[in-house]
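Residue-level structure breakdown
Residue strings, one per chain:
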Amino acid sequence: MGRSLRPGSPLAPRWYARLALAAGAAAVLVLLLSAGLTSIALVAVGLAGLAATAAGAWWALAHRALPRALGLALAVAAPLVVVALYVLSGMLWVVVASLALGALAVSSGWAALAADTGRTGATARPAAAPKRPFLIMNPRSGGGKVGRFHLVEKAQALGADIVLLDAAHPVDVADLARRAADEGADLLGVAGGDGTQALVAGVAAERGLPFLVISAGTRNHFAMDLGLDRDDPARCLEALTDGVELRIDLGFVNDQPFVNNASFGAYAAVVQHPAYRGDKARTTLKVLPDLLTHHTGPRLTVRTQDAVIERPQAVLVSNNPYRIGDAAGLGRRERLDSGALGVLGVTVDNAAQAAGMLRGRHGPGLTSLTAAEVVVDADTPTLHVGVDGEALTLPSPVRCRVAPGALRVRLPRHRPGTRGGKPRMDWGRIRRLALTGRRRHGRRS
């Protein structure tokens, strides 16, 4: 019988890596053999189109009236012109075939790396079922997921005490959680957005209680990085009967906890605008130009132990670093227990720098750091801060820190996204896997 090539098979990393290298080589050969020296021009035209699109998008965001219209026209026209040139040269099929082979190379490379290492991060430990779980649910979150998935009835059937939030009568959710803990709750949980998750997570960490995340929000970034099912929040309730526990980090901006990130500068100023909730797109287009061109907004200075970022237009401080090295990493964190904050600073003063942002972490307008503590200062007495999507105004300077292993997260044993995160692309490692089948710890396949 032949040996298996399932993802868990020892042969899988080697053969996925070989497929990645073969597809990558084929993508280059298709260009060279079909187009010859013309292939260089094809690549150059494509790169120029990408740069023009990025520059046009920046011009549209940073200006108003006619300049905005011209920037938008450039952003739309540039890719159309590139496609038209490919068609006129008779090389469109060559480009499409090469791109398809390139996509196969990248996806096979990710498969090789994932099969070789699996998902990184904290180790899950078996956990006993709670006796007095207390859950806060927001029936309006996620377009009504609480009602649509019958979360109240299902949680009550598992012995949970439920409090439903009422928009007409706002309450302090952190105070609710503390009172529940005082009355004997042995688990705290939230079905709602990341902002509410963070506030209750802070209380859980403060009291040393396990915290249950129910993915009933709109975007559920925290749930995504925990591997939870964002399409069926009811599956999160399995943690009440068949759960495991992780120790992960918790971020703080001054004394305010956050599970995802705290943003400063352009985005934080936009979400503070009174009209933002009613019309996000129009408000963003109205406010951004003055922020991006430094005509309004505070002058920020970001300091870590090892670096200083001067006058960034936007700063994102995250609870563990986001991946920015490839498109698949955008918005994802490889782990939540590294004991470090991620820091992204964006400084874009012209269209050329906007085009340079296509280089990712190597772009001239992007600064990427990790630190245990970050201080964001300004030339104003207060700073607008977006904390897990919630708008706050805090006295400057603002101190961000990470509390390693502070949060005990209770999760269902089986989570669809546990192995779903793509590892960072590393072609050198893919080549080694293809040639030797050698795993990370030196064992041969």
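That block above? That's the structure.
Residues numbered from 1 in each chain as written. Predicted model: local features only at pLDDT ≥ 70, side-chain atom pairs only at ≥ 80, totals over all residues. Heavy atoms only, no water.

1. With respect to unusual backbone geometry
Backbone geometry follows two general trends: most residues other than glycine have a negative phi, and most peptide bonds adopt the trans configuration. Pro-397 follows Ser-396 through a cis peptide bond whose omega is 0 degrees. Mapped onto the elements, Pro-397 comes out in the loop between strand S16 (390-395) and strand S17 (398-412). Residue His-150 is not a glycine yet carries a positive backbone phi of 55 degrees. Position of His-150 relative to the elements: it lies in the loop between helix H5 (145-148) and helix H6 (151-157). Positive phi values are uncommon outside glycine, yet Asn-320 reaches one of about 80 degrees. Mapped onto the secondary structure, Asn-320 falls in the loop between strand S11 (314-319) and strand S12 (341-346). (Helix = DSSP H or I, 4+ residues; strand = E, 2+ residues; numbered from the N terminus.)

2. Brief notes about the packing of helix H1 (residues 12-35) against helix H13 (residues 427-436)
The contact between H1 and H13 brings their axes to 7 Å, and the two run at 120 degrees. The handedness of the crossing between H1 and H13 is left-handed. Residues Pro-13, Arg-14, Ala-17, Arg-18, Ala-20 and Leu-21 of H1 form the contact with H13, whose own contacting residues are Trp-427, Ile-430, Arg-431, Leu-433, Ala-434, Leu-435 and Thr-436. (Axes fitted to C-alpha atoms, helices over the stretch in contact; angles between N-to-C directions. Left-handed = near helix turned anticlockwise from the far one by under 90°. Contact = heavy atoms within 4.5 Å.)

3. Considerations on the pairing of strand S15 (residues 382-387)
Bridge analysis of strand S8 (residues 261-265) against S15 gives three bridges, and the strand direction is antiparallel. Each residue of the ladder has a partner; that of Ala-262, found in S15, is Val-387. The pairing of S15 with S16 spans six bridges and is antiparallel. By the bridge assignment, Val-385 is partnered in S16 with Leu-392. The antiparallel pairing of S15 with S16 creates a hairpin that spans two residues between the two strands, and Asp-388 there sits at a positive phi of about 50 degrees. (Pairing = 2+ DSSP bridges.)

4. Details of the sheet that holds S15
Taken in spatial order, the six strands make up an open sheet running S13-S12-S11-S8-S15-S16, and their pairing is antiparallel. In this open sheet, the two strands that pair with only one neighbour each are strand S13 (366-371) and S16. Averaged over all pairs of adjacent strands, the angle between strand axes in this sheet comes to 20 degrees, irrespective of strand direction.

5. Points about a nonpolar patch on the surface
Together, Val-28, Leu-29, Leu-32 and Leu-33 make up a nonpolar patch on the protein surface, roughly 410 Å² of accessible area in all. Here Val-28 shows up in helix H1. Exposure remark for Val-28: the relative accessible area of 46% places this residue in the partly exposed category. (Patch = residues over 30% accessible without salt bridge, like charges linked within 9 Å, V, L, I, M, F, W, Y side chains within 5 Å. Areas by Shrake-Rupley, 256 points an atom, 1.4 Å probe, with all protein chains shown as cover. Salt bridge = Lys/Arg side-chain N within 4 Å of Asp/Glu carboxyl O. Buried < 20%, exposed > 50% of the residue type's maximum accessible area, 1.4 Å probe, protein only.)

6. Remarks on the packing of aromatic side chains
This model, assessed by the stated rule, comprises zero aromatic pairs. Cation over ring: Arg-401 sits above Phe-252, and NZ or CZ is 4.3 Å from the ring centre. (Phe/Tyr/Trp six-rings, centres within 6.5 Å; stacked < 30°, edge-to-face > 60°. Lys NZ or Arg CZ within 6 Å of the ring centre and 35° of its normal.)

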